[in-house]
Amino acid sequence: MTTPPYPEDLQQPAYPDDLEQPGLVRTGRSTFVRPIRPEDADRLVAFVGGLSRATLAYRSLGPVIRARDDVIRRGAYVDYLNELALVALAGDEIAGLVRYVRDTEDPDHAEVTFTIRDDDQSEGFGRLLLEHIAAAARARGIRVLKADVLADNTRMINVFLGSGYRVESGPPGQIVHFDIAVDPQAQAVARAERREHTAVRRSLRPLLEPRSVAVIGANRSPLTIGHEIVANLLRGGFRGSVFPVNPRAEQVAGARAYPSVRELPETPDLALIAVRAEAVPDVVRECAAAGVKAVVVVSTGFGETGAAGRSTELELSRFARASGMRLVGPNCMGVVNTTPAARLAATFSPALPTPGRVAMSSQSGPLGLAVLDFARRLRLGFSGFVSVGHAVDVSTNDLLQWWEEDPETSVILLHVETFGNPRRFARIARRVAPRKPIIAVHPGHGHATGQVDSGGRGGSGLRGEPGGLGDPRGRGDWGGRGESAGHADPPGPSDSAVSSLFAQSGVIRTRSLQELFDAALLLAHQPPPPGNRVAVITNAGGPAALTVGACVASGLRVPPLGERTRETLRTALGPGAEVANPVDLTPMATAAHYRQALDAVLADDGIDAAVVLFMPPLADKPDEVAAAILDAAEAAPSKPVVASFLGGAGVADLLHRGELVVPTYTFPESAAASLGHAAAYQAWRSTPAGVIPDLPGVDTERARSLLAGCAPGPVPPRIAAELLGSYGIAVRDAEPSSGPGSEPRSEPGSESGSELGSRLGSGPDAFLSVGADPVFGPVIDFGLTGDYADLMADVAHRVTPLSDRDAREMVRSLRATPLLDGRVGGPGVDLAALEETVLRISAMVEDLPEIEAMELRPIRLLPPGDGVAVTRATIRLADETRKGGPS
């Protein structure tokens, strides 16, 4: 490319890498949005030169003005602060351009212009670029974007009016003026989410419901990856065309082979790439040139090999998105979609799942092989399975949005280590989980600490190093090891914290694949219980005792049966029968006994679910007992029934009738644990979510202007106090601070530090801290200082954003709550003020994603009506390289 003429003494400002993000337009087409660069000058000339007269007229608000070449080239030079231009790429060309120029007389305003290539003006590029430029402008202290639009430019007018931002328009005329407030209003966020959701689903259709598939690297030899992918596509009954690509083969697995993608009889929607790592970039470029819409890179040898491999796979992702393609992998095992619309088995796995209601995303390829084999042995049917590998483009977040509306999927399973964009995961999960259960296997953060969980539900769990989320004291790490090590991964939260954070998002957390599948078996075939009260029916006393213990450990109750139920059981089973809970039918129980007992307990208003144990030593006719269990379960469809039947596991033939399945577990403890997960999920789903309140006294613009002058790392104490003050939180030192860089602080008109300390006395002190978790994103920790947190690990954890209900539950969830509400040791504290402080911190973290960590310590908790007093605060800003990605 040629270098545009420009003054030699101009120093080009630092390029803002954080503004580079993949995007999806309304039609589901992929693109890549990034700031313009000087080397884009030729692209910019080609872009402007290809615009029609009508588009130029809209852009220039009337007369068509042909700009000179050197003037166009200068548009590639911006300072990224007072002038910023973003381009949306289609391949190597510019499809759309948005530019703002700050108003020198009114610096929180900027003029904004949009230009979209003619062929792309109905795709949704304008709305996508508006979202990106609004976020960039907001981060640079711009409050309002100003735009002038010709009155007949209805497409652009509709973009502004439908954006959800606060828009004010001038009086009708030939030119319409718009003032667009870039503060993200709830309506704007909701509309952006809807647009994103629609675009993601459309972009994934060529991947999950392709009309034709090419396998590049198809091998003639059986038991090779390329060969087995072709064979599975054919064996799986794929309805479209399958094109093996191998220049040295005439056929692969019985299908005609072709020398290259260019020579295929039609352009495939999906291409699977199984070639050497060094050949993958050229193959991806060939696919893009041919018009392929999705690629799955099965090949290994990328990020797992080191920094060079990681750089290569990221460049693959950028190229694919700019070329309008979605990319799965690399280092993955493919995709499976068993739904009637697809019947796609694009994987080399020797075990293919049977059709069913469960979908799964797995980050590990080898683990995926084991998963599919185990699911087949359990006879747990799958609607879809995607091995995302390194997930440089298509991520679990994308797949959640696909399965959210898939009518063939009712349960979603996740194997996750980290998410590219944790905030996005938490937002999507909270939206999906009320409709479809999400079950994740996440053993904890042992990799961060080197410590091993003691195991079991409710165990003591993992502990992080001091200064991280895993430290029960919640103190932030303000440098030292993390900085010298060069962006070391932060230690993870404790095991109990992980569980509470998953639970807040509505995700069922399991610690092993066995537990994952146990829960999936239940929720795929039985409804979640309306409560946590369980009846146990057995023909053996010992296993029943184990089941009762497992139920209690899983958060369930095994209550006494109602008097009417006991009377019914006495009549049916005889006067000497044990009609307590568990109901022991004795080893001589018949099928009729099982049916009568199950009917009775499921009709009991005090029972929400039943566990049925059938141990065979002295019992015969198991088929009749199974039929009795199925009959009773069918008669009470709103209450789940699970079994431990003959030592089997999964979907047993005897307990399967049409669509009705009573899942069976080898050991009754597994059945109880699965019911516990399902009951907790139903309780979360039935609980009001609360609302995120509109807090008075919040000055977001002032906060952003304060942050604009701060470098990554610790924020000076005075600025930290002002930032909190802009969110209605006053910071006052109760005693002189010690340590480098600290200084006494007090709000104007407030008491001095000594006066404040004297008046506050010795009431309980608390802390609030914020840290970034690799799975959940920003997490708020709350606890009392001292032994409560240090020794007892009595700390509450919540994911932002918090609703009013979240805040109320958080401050009341400590074991030390009796000290706060006045039940022990005095009048209590001002819980309402404490909840409001939590909500203000949540709002601050959501509005200012630059904040990586924050700690308010100590917070003096005052008597009811007196509020709270924050006496010290520390804030750290993230380096751009540590922010979560867009996936």
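Residues numbered from 1 in each chain as written. Predicted model: local features only at pLDDT ≥ 70, side-chain atom pairs only at ≥ 80, totals over all residues. Heavy atoms only, no water.

All right, on to the overall build of the protein chain then. On a plain count of helices and strands, the protein chain comes out with 28 helices and 35 strands. In the protein chain, which comprises 887 residues, the proportion classed as buried is 53%. Relative to all contacts within the protein chain whose residues are 6 or more apart in sequence, the contacts with residues 24 or more apart total 70%. Total accessible area on the protein chain is roughly 36100 Å²; 52% of this is exposed by carbon and sulfur atoms. (Helix = DSSP H or I, 4+ residues; strand = E, 2+ residues; numbered from the N terminus. Buried < 20%, exposed > 50% of the residue type's maximum accessible area, 1.4 Å probe, protein only. Contact = heavy atoms within 4.5 Å. Areas by Shrake-Rupley, 256 points an atom, 1.4 Å probe, with all protein chains shown as cover.)

Turning next to unusual backbone geometry. The omega torsion across Gly329 and Pro330 is -5°, close enough to zero to call that bond cis. With respect to the helices and strands, the residue Pro330 is situated in the loop between strand E15 (326-328) and strand E16 (334-337). With an omega of 15°, the peptide bond between Asn581 and Pro582 qualifies as cis. Locating Pro582 in the fold gives a position in the loop between helix H18 (563-573) and strand E24 (583-584). Even without a glycine there, the phi angle at Tyr80 is positive, about 65°.

What follows concerns helix H10 (residues 365-378). In a regular helix each residue adds 1.5 Å, so 14 residues correspond to 20 Å; H10 covers 20 Å between its end C-alpha atoms and thus fits that length. Against the buried residues of H10 lie strand E18 (355-362), strand E19 (382-387) and helix H16 (513-525). Two or three places before Leu367, at the start of H10, stands the capping residue Ser364, its side-chain oxygen 3.1 Å from that residue's backbone nitrogen. Following H10 by one or two positions, Arg379 adopts a phi angle in the positive range, close to 65°. (Expected span 1.5 Å × (residues − 1). Polar contact = N/O pair within 3.5 Å; in protein donor to acceptor, adjacent residues only side chain to side chain.)

Attention now moves to the sheet that holds strand E17 (residues 344-347). Pairing in this open sheet of seven strands is mixed, and the strands run E17-E16-E19-E18-E20-E21-E22 from one edge to the other. The two strands at the open ends of the sheet, each matched to only one other strand, are E17 and strand E22 (507-510). The mean angle between the axes of side-by-side strands here comes to 20°, regardless of whether they run parallel or antiparallel. Where E18 meets strand E20 (residues 411-415), five bridges bridge the pair, whose relative direction is parallel. Its bridge partner being in E20, Ser362 is matched across the sheet by His415. (Pairing = 2+ DSSP bridges. Axes fitted to C-alpha atoms, helices over the stretch in contact; angles between N-to-C directions.)

Let us look at the environment of Val280. Following the sequence through the fold, Val280 ends up in helix H8 (residues 280-290). Accessibility expressed as a relative area gives 0% for Val280, which makes it buried. A sequence separation of 33 residues divides Val280 from Glu313, and the C-alpha atoms of the two residues are 9.7 Å apart. Excluding residues within four positions of it along the chain, Val280 makes contact with Ile273, Val275, Val297, Ser299, Phe302 and Leu316.

Our next topic: the packing of H18 against helix H19 (residues 591-602). Helix packing for two helices is described by the angle between their axes and how far apart those axes are. Interaxial distance between H18 and H19 falls to 9 Å at its minimum, and their mutual angle equals 170°. The angle between H18 and H19 places the two elements in the roughly antiparallel class. Side by side, H18 and H19 meet where Thr565, Thr568, Leu569, Ala572 and Leu573 of the first sit next to His593, Gln596, Ala597, Ala600 and Val601 of the second. For the contact of H18 with H19, the residue count by class is six nonpolar, four polar and no charged. (Parallel < 35°, antiparallel > 145°, perpendicular 65-115°, else oblique. Nonpolar A, V, L, I, M, F, W, Y, C, P; charged D, E, K, R; others polar.)

Counting residues in each nonpolar core, the largest one holds 101 residues, and the members touching the most others are Leu207, Phe382, Leu413 and Phe517. The element that contributes the greatest number of residues to this core is H16, accounting for eight residues. Among all residues touching Phe382, those that are not within four sequence positions of it are Thr338, Pro353, Thr354, Pro355, Gly356, Val358, Met360, Val371, Ala375, Leu413 and Phe517. With 53 residues, the next largest nonpolar core counts Ile72, Leu97, Met156 and Phe178 among its residues. (Core = buried A, V, L, I, M, F, W, Y, C linked by side-chain atoms within 4.5 Å.)

Now for the packing of aromatic side chains. Applying the stated criterion to the full structure yields nine aromatic pairs. With a centroid separation of 5.2 Å and an interplanar angle of 55°, the aromatic rings of Phe160 and Phe178 are classed as tilted. Of this pair, Phe160 sits in helix H5 (residues 154-161) while Phe178 sits in strand E8 (residues 175-181); the two residues are 18 residues apart in sequence, bridging distant segments of the chain. Phe178 shares its class with Phe160; the two are buried. Where Tyr681 meets Trp684, the ring centres are 6.5 Å apart and the plane angle is 25°; that geometry is what we call stacked. With Tyr681 and Trp684 both in helix H21 (residues 668-686) and three residues apart, this pair spans about one turn of that helix. By relative accessible area, Tyr681 is classed as buried at 3%. (Phe/Tyr/Trp six-rings, centres within 6.5 Å; stacked < 30°, edge-to-face > 60°.)

Here we take up the confidence of the model for the protein chain. On average, residues of the protein chain score 85 in pLDDT, and 86% of them are at 70 or above. pLDDT under 50 marks residues 1-9. Its contacts with residues more than four places away, or in other chains, come to 16 contacts. In the predicted structure, residues 734-759 sits below a pLDDT of 50 and forms 38 contacts with residues beyond four places in sequence or in another chain. (pLDDT = per-residue confidence, 0-100.)

Inspection of the secondary structure puts Arg321 in helix H9 (residues 307-322). In this structure Arg321 comes out as buried when scored by relative accessible area, which is 5%. Within the structure, the side chain of Arg321 is placed 3.0 Å from the backbone oxygen of Gly23, a separation counted as a polar contact. Excluding its chain neighbours within four sequence positions, the residues that come into contact with Arg321 are Pro22, Gly23, Leu24, Ser30, Thr31, Phe32, Arg326 and Asp393.

Once that is clear, we can look at a nonpolar patch on the surface. Side chains of Tyr788, Leu791 and Met792 sit close together on the surface and give an oily, nonpolar patch of about 310 Å² of accessible area. By relative accessible area, which is 68% here, Leu791 ends up exposed. (Patch = residues over 30% accessible without salt bridge, like charges linked within 9 Å, V, L, I, M, F, W, Y side chains within 5 Å. Salt bridge = Lys/Arg side-chain N within 4 Å of Asp/Glu carboxyl O.)

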